[in-house]
Amino acid sequence: MRDVIIIGAGGGGPVVAKELAAQGLDVLMLEAGGRNANPEQDWTHFEDDGNNPLSGAQRFGPSDRSKPAWYRQLTTPAMNMNMAGVGGTTQIYFGNSPRAMPGAFKGYNGEDAADYDRNFEFPFSYEELRPYYEWVEETLPVQTAAMGKNEQLFYNACENIGMNCQTSRDISRDAYRPQQNAVLQPGGNAGLSSTASELTYPNATGCTMCGHCVQGCYEPLGAPRNLKAKRSTDNSYVPMALTADAWATKGKAASIISDAFVTKIHTSNVNGKSTATGVSWRNTLTGEVVSENAKVVVMAAGCLENPRLWQNSNLPNSHDWVGRGLTDHAFDLVCGQFPFDTGSTKGVGSSARADFPGKGCIEPTTIGPAFLAANLNMSDSGMRGYYDNGRGVYGQWDGPSGRPVGKELKSFLTDINKIMTMLIITDDDVEADNRVLPSSLLNDDNGAVSEITINKRTRSARTLANREFLANKAADILRAAGATNIVRADIVPLLIHVQSSMRMGDDPTNSVINANGEAHEVDALYIADNSALSNALGGPNPTLTTQALATRTSEKIMQKHFAGTPWVTSSSPLSSIDNLVTQAVMSRGL
Amino acid sequence: MKKNLPTIKTDGEEESSHFKQRRDFLTRSGIVGAVAAISPMLLASNKTQAGWISNSVIKQVLDAVTLDTFKGVTAFVMPGNDWHSITQGEATWGVGGLAANTDQYLLENLDNYLPWPKDIGNSILSALGGALSESAGSIPISLAILLKPVEVIILNALDKKLDALIGDSEVIPLGHVFSLILNITATIVNPLTINGGHISAFSRLTMSEKAQVFQRLETGEPSISDLIGGKLSAKENAFLPDLMSTFIRSLLQLATFGSMSEWHALDKNTKALNQIPIGWQLSNYLPNGPVEGHDDLLGYWQGRSEIDA
Ligand SMILES: Cc1cc2nc3c(=O)[nH]c(=O)nc-3n(C[C@H](O)[C@H](O)[C@H](O)COP(=O)(O)OP(=O)(O)OC[C@H]3O[C@@H](n4cnc5c(N)ncnc54)[C@H](O)[C@@H]3O)c2cc1C
């Protein structure tokens, strides 16, 4: 019998593992994908080898790459991009770590309060989450992004269109700023050299500005795992959880089992209420099924898998909100072509951003040619010059929205270094019909697969208006930066930021977990990943908020089930790059 | 659930109309063209006799259709100075996606890795076979591909084999299903492409006709889904909208991803490049080869390397 079993080692799960292991609990993490213990050997910076959604190292699929990826059924056009393996989707994230917009929380009474998704706010105030933000920001750690050519161009363009620069972590007005990133700042030769032999640790520390965040970070070469530049959880929280005995006074090292796909959560009836007692998982390499009990079970399998696991386990769902209210930030892409070098393939995935409270965010991104070409092809507006699929929207960009093909695509990609790609991250509404269910049609080895519905075209009027506003704003910034040709792709849902499918709320008729992160209808069952978020946060990238919330939920678990006391406001966190952690990581060969 | 294409009967009035339906299906899907194109090789393999054909031969035929179709797709998204780009009326001076073996890339990925349910491809193929001749109309004699008697024998044998494969729910690789759908739709967009220069009807289309094929499949006006929907089970039908639009988007995404990526130039064992990938040349990506970092650091905006609160 474990104290705590955590399902999924992605953005959220390892945070709970680290926090509770530091309190001395016996914690087991179960991860469906591979361990990814040797990224320097096993990964490359190549786009197909890394990001091919069917066969790449970074896919949602078994660690045995000769096997097909895991399937998810889409009932509406969309594209999935979540990863399996220790670190989950943070393996390929950019590390952008903005705080949520205060307007997404209960009790917000700013002038623009009505501009947010008021029906589905967080059940507590922004102020209450602030200490947890600070704790996570120090642990990861989160730092101000360094500037390369791409960012400098973006900042100058924002100034040119009259925007202000934000210099605080809290978002309060329309403004641009350097990202607060979970990426270590460049040190030594990093950022100053392009010669591989000069970029090994310790001659280089932190981000080498290689431009390959999306293929997983293993820079600088030779650095201990917890000193890799990007603070994906495989480089930060997981090493800390596995070495908690070495750096926390009463800590106990957590355990992790990879290639372990949890297929059932077990419950029993305690005092008339369903109570979690343990889980069963399938070893994806051997097919063997294993069960283990725990006093507390934490679901952190991600927004698109938790609802499936819940329903496949026949857990209660009397208000039918399990899987409902999925938000995806209604992404879009607006790309500019420039007559000069923009540095678009260099540096962190994204190091700059602009926030528009009540509407969402825009960020310039660093991506390679295959990724860019494929993403443009996700258009929902047909093919430029041929058909518009009932859309073909006009705005500050050139011509109708749509995917360029043939000579137009080829000429657009002629020089990837002269492009700037803006990601539109919309503050989208929680809507009950956007949901994840177990499929009635398809099963795989792990049970009925997830069936995802997120209908871009019928999103709320506010969501659609926000998306249009941001797309036009992005084109304005690109134009001010000097772009001579701007294409808006108008993509179908790109499921990169997925939130709120098991949302937290006070009202059990439209939420799954209470303000402590515990399920309304199942005791000792907690949720601590993006699915727990109450809404789309106003648009900011979700992981930092998930991690802050998971830290808060860890305290609640400790208080309710293990007679503990909260620690976040009464102590200081240890950074994941602290020497104590480094020594333990190195001596244990992690 | 056993699914079969309408079977070819051997004699009588009804039988010959069945045969014609069947023949039309095989023609539209490009299989007749492939047999005509490669039958000398089949004969040389000496394994083909009436009523019997080996799995390797069937694969050879299907691969030929599929690869040619995927060449047509690749030329569409990333044209070059290749024959397929010239046929579509949109070619460029330098090489395009075909130089990166993107046709092979699509075949390998779709056949081996696309995690669609195993028998959905068979169901669709089977429904298509039944539905097409009803709605697409039969192929006029003037457009029919003239086959030598021996090729007719091969075709009939192959047809039986294909039918048996579908009926037994042996999995038809999805790459083949994709290419058959594209070709059948191509012959609806332009019936004259039933016959001509390339193996597949799709590759005989002009750029704007190819776009019409994608439009029909993506937007459903009139859609393949409508065409075959009635022939699938309710559950399979529920899967169709996803299938058709994802199919088109996945295909276009993969074709561009393959064209621009390192796939064809990567030694899978050493994980090193054996040439500068075509896509990198086309986009001036990493002109000095792979890197571990860039000298791109300009400092911190307005000199701020940290903020307090
Ligand atoms: C290209 C890209 C860039 C991004 N950039 C940013 C960014 O800059 N900032 C930001 O905040 N966010 C970013 N994101 C999003 C970020 O990655 C997610 O917010 C974060 O990873 C979510 O954490 P999670 O724990 O909810 O899910 P995941 O990280 O997806 O983790 C879920 C884990 O559970 C495992 N799992 C699933 N089912 C089971 C099961 N049944 N049993 C056991 N294990 C299971 C999965 O394999 C996975 O490892 C980005 C995403 C992408 C794709």
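Just above, that's the structure.
Conventions used here
- Residues numbered from 1 in each chain as written.
- Chains lettered and ligands numbered in written order.
- Predicted model: local features only at pLDDT ≥ 70, side-chain atom pairs only at ≥ 80, totals over all residues.
- Heavy atoms only, no water.
- Helix = DSSP H or I, 4+ residues; strand = E, 2+ residues; numbered from the N terminus.
- Rg over C-alpha atoms; globule rule 2.2 N^0.38 Å.
- Buried < 20%, exposed > 50% of the residue type's maximum accessible area, 1.4 Å probe, protein only.
- Contact = heavy atoms within 4.5 Å.
- Areas by Shrake-Rupley, 256 points an atom, 1.4 Å probe, with all protein chains shown as cover.
- Lys, Arg positive; Asp, Glu negative; His and termini not counted.
- Charge placed at Lys NZ, Arg CZ, Asp CG, Glu CD.
- Pairing = 2+ DSSP bridges.
- Axes fitted to C-alpha atoms, helices over the stretch in contact; angles between N-to-C directions.
- Core = buried A, V, L, I, M, F, W, Y, C linked by side-chain atoms within 4.5 Å.
- Near = heavy atom within 4 Å.
- Polar contact = N/O pair within 3.5 Å; in protein donor to acceptor, adjacent residues only side chain to side chain.
- Salt bridge = Lys/Arg side-chain N within 4 Å of Asp/Glu carboxyl O.
- Buried area = accessible area lost by both parts, 1.4 Å probe.

Asker: Help me understand the overall build of chain A in this model?
Answerer: Within chain A, the regular secondary structure consists of 13 helices and 23 strands. Relative to its length of 590 residues, chain A is compact, with a C-alpha radius of gyration of 22 Å against a globular reference of 25 Å. Projected onto the principal axes, the alpha-carbon positions of chain A cover approximately 65 × 55 × 50 Å. The buried share of chain A, taken over its 590 residues, is 69%. Long-range pairs, those at least 24 residues apart, make up 72% of the contacts in chain A between residues at least 6 apart in sequence. Total accessible area on chain A stands at roughly 16,900 Å², and carbon and sulfur atoms take up 47% of it. Placing the 50 positive and 62 negative side-chain charges of chain A at their respective mean positions leaves the two points 1 Å apart.

Asker: Can you help me understand the overall build of chain B in this one?
Answerer: Scanning chain B for helices and strands turns up 12 helices and 2 strands. Looking at chain B residue by residue over its 309 residues, the buried ones come to 59%. Here the contacts in chain B between residues at least 6 apart in sequence split such that 71% fall between residues at least 24 apart. For chain B, the exposed surface amounts to about 12,100 Å²; the carbon and sulfur share of it is 54%.

Asker: Would you take a moment to explain the sheet that holds strand β20 (residues 447-453) of chain A for this structure?
Answerer: In a beta sheet, neighbouring strands pair by backbone hydrogen bonds and run either parallel or antiparallel. All names here are of chain A. Here we have 3 strands laid out as an open sheet, ordered β3-β20-β19, and mixed in their pairing. In the strand order of this sheet, the two ends are held by β3 (73-74) and β19 (435-444), each with one partner. Pairing analysis gives 6 bridges linking β19 to β20, with the strands arranged antiparallel. Pairing of Pro 438 across the sheet is with Ser 450, part of β20.

Asker: What is the right way to look at unusual backbone geometry in this model?
Answerer: Glycine aside, residues mostly have negative phi angles, and peptide bonds mostly take the trans form. Residues and elements named next belong to chain A. The omega angle of the peptide bond from Tyr 201 to Pro 202 is 5 degrees, so this bond is cis rather than trans. Tracing the chain through its elements places Pro 202 in the loop between β9 (187-188) and β10 (204-205). Cis geometry marks the peptide bond from Glu 219 to Pro 220, where omega comes out at -10 degrees. Residue Ala 563 is not a glycine yet carries a positive backbone phi of 50 degrees. Residue Ala 563 is classed as exposed on the basis of its relative accessible area, which comes to 73%.

Asker: Help me out: how do you make sense of the packing of helix α5 (residues 102-112) of chain B against helix α8 (residues 174-189) of chain B in this one?
Answerer: Each pair of packed helices gets described by two things: the angle between the helix axes and the distance between those axes. In the contact formed by α5(B) and α8(B), the axes pass within 7 Å of each other and the chain directions differ by 115 degrees. The segment α5(B) lies against α8(B), with Leu107(B), Leu110(B) and Asp111(B) engaging Leu174(B), Gly175(B), His176(B) and Phe178(B).

Asker: Looking at this model, I keep getting lost on the nonpolar core. Mind explaining?
Answerer: Counting residues in hydrophobic clusters, the biggest one holds 91 residues, and the most contacted among them are Leu182(B), Phe214(B), Phe247(B) and Leu251(B). With 9 residues, the single largest contributor to this core is helix α11 (residues 234-260) of chain B.

Asker: What am I meant to see in the site of the ligand here?
Answerer: Residue and element names in this part refer to chain A. Lining the immediate environment of the ligand, one finds 34 residues, of which Glu 31, Thr 89, Asn 96, Asn 530 and Thr 543 sit closest. At 3.0 Å, a backbone N or O of Gly 11 approaches an oxygen atom of the ligand. At a separation of 2.7 Å, an oxygen atom of the ligand approaches a polar side-chain atom of Glu 31. With the chains in place, 97% of the 990 Å² that the ligand exposes on its own is no longer accessible.

Asker: Is there a simple way to think about the pattern of salt bridges in this case?
Answerer: Side chains that differ in sign of charge can pair as their charged atoms come close. All names here are of chain A. The tally for this structure, following the rule as stated, stands at 50 salt bridges over all chains. As a salt-bridge pair, Arg 324 and Asp 320 come within 2.8 Å of each other at their nearest N and O atoms. Each of the salt bridges in this network shares a partner with another, and the network as a whole consists of Asp 332, Asp 380, Arg 391, Lys 456, Arg 457, Arg 467, Glu 468, Arg 488 and Asp 490.

Asker: Is there a simple way to think about the interface of chain A and chain B in this case?
Answerer: Size of an interface, as often reported, equals the accessible area lost when the parts are brought together. At the junction of the two partners, chain A supplies 89 residues and chain B supplies 71 residues. Between chain A and chain B, the buried area comes to about 6,800 Å², and carbon and sulfur atoms account for 61% of it. A per-residue breakdown of the area chain A buries against chain B is headed by Phe46(A), Leu54(A) and Lys410(A), which together make up 11% of the total. Summed over the shared surface of chain A and chain B, the number is 2 salt bridges. Of the charged contacts, one joins Glu218(B) and Arg403(A) as a salt bridge, the two residues approaching to 3.1 Å between their closest N and O atoms. Linking chain A with chain B are 34 residue pairs in polar contact (both at pLDDT 80 or more), by the criterion used here. If you list the elements that add at least two residues to the side of chain A that touches chain B, you get α3 (47-51), β3, α5 (149-160), β7 (175-178), α9 (369-376), α10 (406-412) and β19 of chain A. Examining the composition of the side of chain A that touches chain B, we find that 6 residues originate from one element, α9(A), more than from any other.

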